[in-house]
Amino acid sequence: MLSVRSTCTPARLPLALALALSMLLCGPTRAAPGCDDAPPKPPAATTEAAPTPEDALNQLASLAREAVAQSADVRGAQHGSRAARFDLAQTAAAARPGIGLSSGLGLGRTQYNSEARSESRATSLALSVSAPIYDGGRLGELVRYRQRMADAGEFSVGWVRERVVRDAVITALERNRYTMQLAVHDRYVGKMACLARMMEQVVELDRGRSSELVQARKGLRQAQLAREDALTAQRQAATRLQQLVGGPAILPWSAVGQPLQALPPLAQLIDEIAASPDVRQLRLQAEAMDAYARASRAETSPQVRWQVGASQGRSARLDTANWNAGLTLNLTLADGGAATAGSNAAAERALAARRQEDALVEERVRTATTLHDAASSAHTRAVQIVEVLKESEQVRSATYEQWARLGRRSLFDLMSAEAEHVQLRLAEVNAQHDAWSAVAQLRSAGAGLWPWLAEAVGFEPTDGSPHR
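This write-up is about the structure you can find in this document.

Concerning a nonpolar patch on the surface
On the surface, I99, L101, L125 and L127 cluster together into a nonpolar patch covering about 440 Å² of accessible area. Along the polypeptide, I99 turns up in strand β1 (residues 98-112).

Considerations on the nonpolar core
Ranked by internal contacts, the top residues of the largest apolar core, which has 30 residues, are L60, V165, V169, L173, L260, W452 and L453. Those elements giving two or more residues to this core turn out to be α2 (53-70), α3 (72-93), α4 (138-205), α5 (210-245), α9 (411-445) and α10 (449-457). Looking at this core element by element, the count peaks at eight residues for α4. Membership of the second largest hydrophobic core comes to 24 residues, among which are M180, V189, A196 and L411.

Some details on the environment of S156
Structurally, S156 can be placed in helix α4. Between the alpha carbons of S156 and D278 there is a distance of 6.6 Å; along the sequence they are 122 residues apart. When near neighbours in sequence (up to four residues on either side) are disregarded, S156 contacts A77 and Q281.

Let's talk about the pattern of salt bridges
Any two side chains of opposite charge can pair, given that their charged atoms come close. In total, this model carries 19 salt bridges according to the counting rule given. A salt bridge links R166 to D167; the nearest nitrogen and oxygen atoms lie 3.8 Å apart. The shortest N-O distance in the salt bridge between R177 and E174 comes to 3.2 Å. With a gap of three residues between them, R177 and E174 both fall in helix α4, about one helical turn apart. Residue R177 is classed as buried on the basis of its relative accessible area, which comes to 9%.

A short note on α5
Compared with an ideal rise of 1.5 Å per residue, which puts 36 residues at 52 Å, α5 spans 52 Å between its outermost C-alpha atoms and is within 8% of the ideal. Along α5, the residues classified as buried are E212, L213, A216, G219, L220, A223, A230, A233, Q234, A237, L241 and V245. In the segment just after α5, G246 is the residue with positive phi, at about 75 degrees.

Some thoughts on the packing of aromatic side chains
Counted according to the given criterion, the structure contains one aromatic pair. Between Y145 and Y292 the ring centres are 4.9 Å apart and the planes differ by 50 degrees, which places this aromatic pair in the tilted class. Residue Y145 is found in helix α4, and its partner Y292 is found in helix α7 (residues 277-297); the two are separated by 147 residues along the sequence. R163 extends its terminal NZ or CZ atom over the ring of W159, reaching a point 5.4 Å from the ring centre.

What about the side chain of S444?
Relative to the helices and strands, S444 is located in helix α9. Among the residues examined, S444 registers a relative accessible area of 7% and is labelled buried. Looking at S444, its side chain comes within polar contact range of the side chain of E162, at 2.8 Å. With residues up to four places along the chain from it excluded, the contact list for S444 reads E162, R166, R364 and L449.

Cut-offs applied
- Residues numbered from 1 in each chain as written.
- Predicted model: local features only at pLDDT ≥ 70, side-chain atom pairs only at ≥ 80, totals over all residues.
- Heavy atoms only, no water.
- Patch = residues over 30% accessible without salt bridge, like charges linked within 9 Å, V, L, I, M, F, W, Y side chains within 5 Å.
- Areas by Shrake-Rupley, 256 points an atom, 1.4 Å probe, with all protein chains shown as cover.
- Salt bridge = Lys/Arg side-chain N within 4 Å of Asp/Glu carboxyl O.
- Helix = DSSP H or I, 4+ residues; strand = E, 2+ residues; numbered from the N terminus.
- Core = buried A, V, L, I, M, F, W, Y, C linked by side-chain atoms within 4.5 Å.
- Buried < 20%, exposed > 50% of the residue type's maximum accessible area, 1.4 Å probe, protein only.
- Contact = heavy atoms within 4.5 Å.
- Expected span 1.5 Å × (residues − 1).
- Phe/Tyr/Trp six-rings, centres within 6.5 Å; stacked < 30°, edge-to-face > 60°.
- Lys NZ or Arg CZ within 6 Å of the ring centre and 35° of its normal.
- Polar contact = N/O pair within 3.5 Å; in protein donor to acceptor, adjacent residues only side chain to side chain.

Okay, structure coming up:
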């Protein structure tokens, strides 16, 4: 009789199988690739040292700047804002004196009974200067209308820019989420591959356990399929992020999440909603419509202008010169109610903009409350999952020991414990990223991600539009 005395040898297994497992578990093959229990690490592109909080914030701000610089929507909004400024300049110019210059040159011929009597040449030159004196405040209100619309255009740039920054940050978080999920799946595939190799060697000695080899291989295939899904999602998120920033955005795996760890107070965010670009844009549009309504009412007021002019001409060898100065008065006696209708229409548009502002603020408050609760829950869930992971690790290790050394657990029990552990690791990754994503959207729903980054990092917008 051949006896084997080893603390690693299962006592209840056949002798040949015990020898095989002793070699697998106690020998050099135990350290084979994919059999270690090290925690999952990010792929090679993200394995650099985690940045400091300051560096992480700078990297997030750099991502935001790249997205803004690349965005065609932001550039289009900037052109619209500049056009509104030119409209303002055009309207304001009407209050300044206007200078006109005209000249003429002509030939004349006089005939009597088809016989030419005389020919002459006529020339003229005239200069006039005029400016409004009184218009019932119409021009001043039009200037205010254009000023408010120009300011609203700047906040329109801020709103588009905020949307671009939010999309870039959320997409970067999604890429990071799938990158971490891919690391978990890589480890799981390696673990299942190691288990399948072990079962292949066991089956060579015990053909009666072939079904367990099939089971191990099926588990490996399922792990590979799940890994492929994570790889596809990660690749698609990376492509979307590259489109947003105009090039590859390789950040350390923790660079996106670090600045979003802290959950801002809900009351502070609700107070900041009034400073968000789209809310301020609606407020300015309402003020612009109020000014336009007043300008429409002033259209029926007397319109007084002063005018000074001089002219000089020569015709038929006769020189002429004259000048004039005076006032012109235009008074609308009846316009069929056009001015009143225009004023009422502008007033209704002002009310519509204010109702839109109220509705937007209410929606933002509800959104901020929901996101704050979601972020808080995700943070709590992540902490709880970490605790459950510790227990799952103990169960997984105990199941492995009972299966491999004592023969008291089935392969199905072992694979189930491994699968449960992987699902918990994926849940931890998802909980972390759900919390970060909720915080990012929460800040965007308040004053905005861009103003927050600008204030934290200390940079100025490149388009001259206001932060807050």
